[in-house]
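Chain and residue survey
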Amino acid sequence: VTEDSIREGLRRTTWPCRLEQVLRDPPVVIDVAHNPAGARQLAAQIDRAVYVVGVSMDKDAAAMLAAWAPGAE
């Protein structure tokens, strides 16, 4: 496998529902953050947002909401 083919593969790789912008006006982004670390990473990428959240009962919802709270409207 050549370095060029690796670079091309990475360039073409998509991660559906990972910081995926699905609408531009108004801007709507979806992300499947499902743990506190993922929530923190999402919050680090977005300055201010209205979050619509659904969390499974086996997830740490309180920690995820705490990660988003500073930037939530």
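See the structure printed just above.
A brief structural summary. Computed from a predicted structure; not experimentally measured. One numbering rule holds for all chains: residues counted from 1, following each sequence as written. Reporting of local features is limited, given that this is a predicted model, to residues whose pLDDT is at least 70; pairs of side-chain atoms are given and counted only at 80 or more, and all residues count toward the totals for whole chains, interfaces and linings. Remark: hydrogens and water are excluded; side-chain values derive from all non-hydrogen atoms of the structure.

A few words on the packing of helix H2 (residues 36-45) against helix H3 (residues 61-68). For the pair H2 and H3, the least separation of the axes is 8 Å and the interaxial angle reads 15°. With respect to each other, H2 and H3 are oriented roughly parallel. Here H2 and H3 pass one another in a crossing that is right-handed. Where H2 approaches H3, its residues Pro36, Ala39, Arg40, Leu42 and Ala43 are matched on the opposing element by Ala63, Met64, Ala67 and Trp68. Across the contact of H2 with H3, the residue classes tally to eight nonpolar, no polar and one charged. Convention adopted: a line fitted to C-alpha atoms gives each axis, helices being fitted over their contacting stretch, and angles between N-to-C directions are expressed from 0 to 180 degrees. Helix and strand labels come from DSSP, where a helix needs a run of H or I of at least four residues and a strand needs a run of E of at least two; each type is numbered from the N terminus. Orientation labels follow simple angle bins: below 35 degrees gives roughly parallel, above 145 gives roughly antiparallel, 65 to 115 gives roughly perpendicular, and whatever is left gives oblique. In this scheme the crossing of two helices becomes right-handed for a clockwise turn of the near helix relative to the far one and left-handed for an anticlockwise turn of less than a right angle. Contacts are assigned to residue pairs that have any heavy atoms within 4.5 Å of one another. Note on residue categories: nonpolar means Ala, Val, Leu, Ile, Met, Phe, Trp, Tyr, Cys or Pro, charged means Asp, Glu, Lys or Arg, and polar means any other residue, Gly included.

Turning to the pattern of salt bridges, a few remarks are in order. Opposite charge on two side chains permits them to pair, given that their charged atoms come into close proximity. One speaks of a salt bridge when a side-chain nitrogen belonging to Lys or Arg is within 4 Å of a carboxyl oxygen belonging to Asp or Glu. Taken as a whole and assessed by the stated rule, the structure comprises five salt bridges. Residues glutamate 8 and arginine 11 are paired through a salt bridge, measuring 2.7 Å at the closest nitrogen-oxygen approach. Of this pair, glutamate 8 and arginine 11 are both found in helix H1 (residues 3-12), three residues apart, which corresponds to roughly one turn of the helix. Exposed residues in this analysis have more than 50% of their type's maximum accessible area, buried residues have under 20%, and partly exposed residues fall in between, with area computed by a 1.4 Å probe over protein chains only. Given a relative accessible area of 30%, glutamate 8 falls into the partly exposed group. Between arginine 18 and aspartate 31 there is a salt bridge, with its nearest N and O atoms 3.4 Å apart. Of this pair, arginine 18 sits in the loop between H1 and strand S1 (20-24) while aspartate 31 sits in the loop between strand S2 (27-30) and H2, placing them 13 residues apart in sequence. Counted as one network, the salt bridges with shared partners bring together Glu8, Arg11 and Arg12.

To pair, rings of Phe, Tyr and Trp, with the six-membered ring standing in for Trp, must have centres within 6.5 Å; the planes then decide the type, stacked if under 30 degrees apart, edge-to-face if over 60, and tilted in the middle. The final tally for this structure, using the stated rule, is one aromatic pair. Ring geometry for tyrosine 51 and tryptophan 68: centres 5.3 Å apart, planes at 20°, overall stacked. You can see tyrosine 51 sitting in the loop between H2 and H3 and its partner tryptophan 68 sitting in helix H3, a full 17 residues away along the chain. According to the relative accessible area criterion, tyrosine 51 is partly exposed, its value standing at 21%.

Everything listed here is a matter of geometry and, on its own, says nothing about what the molecule does.
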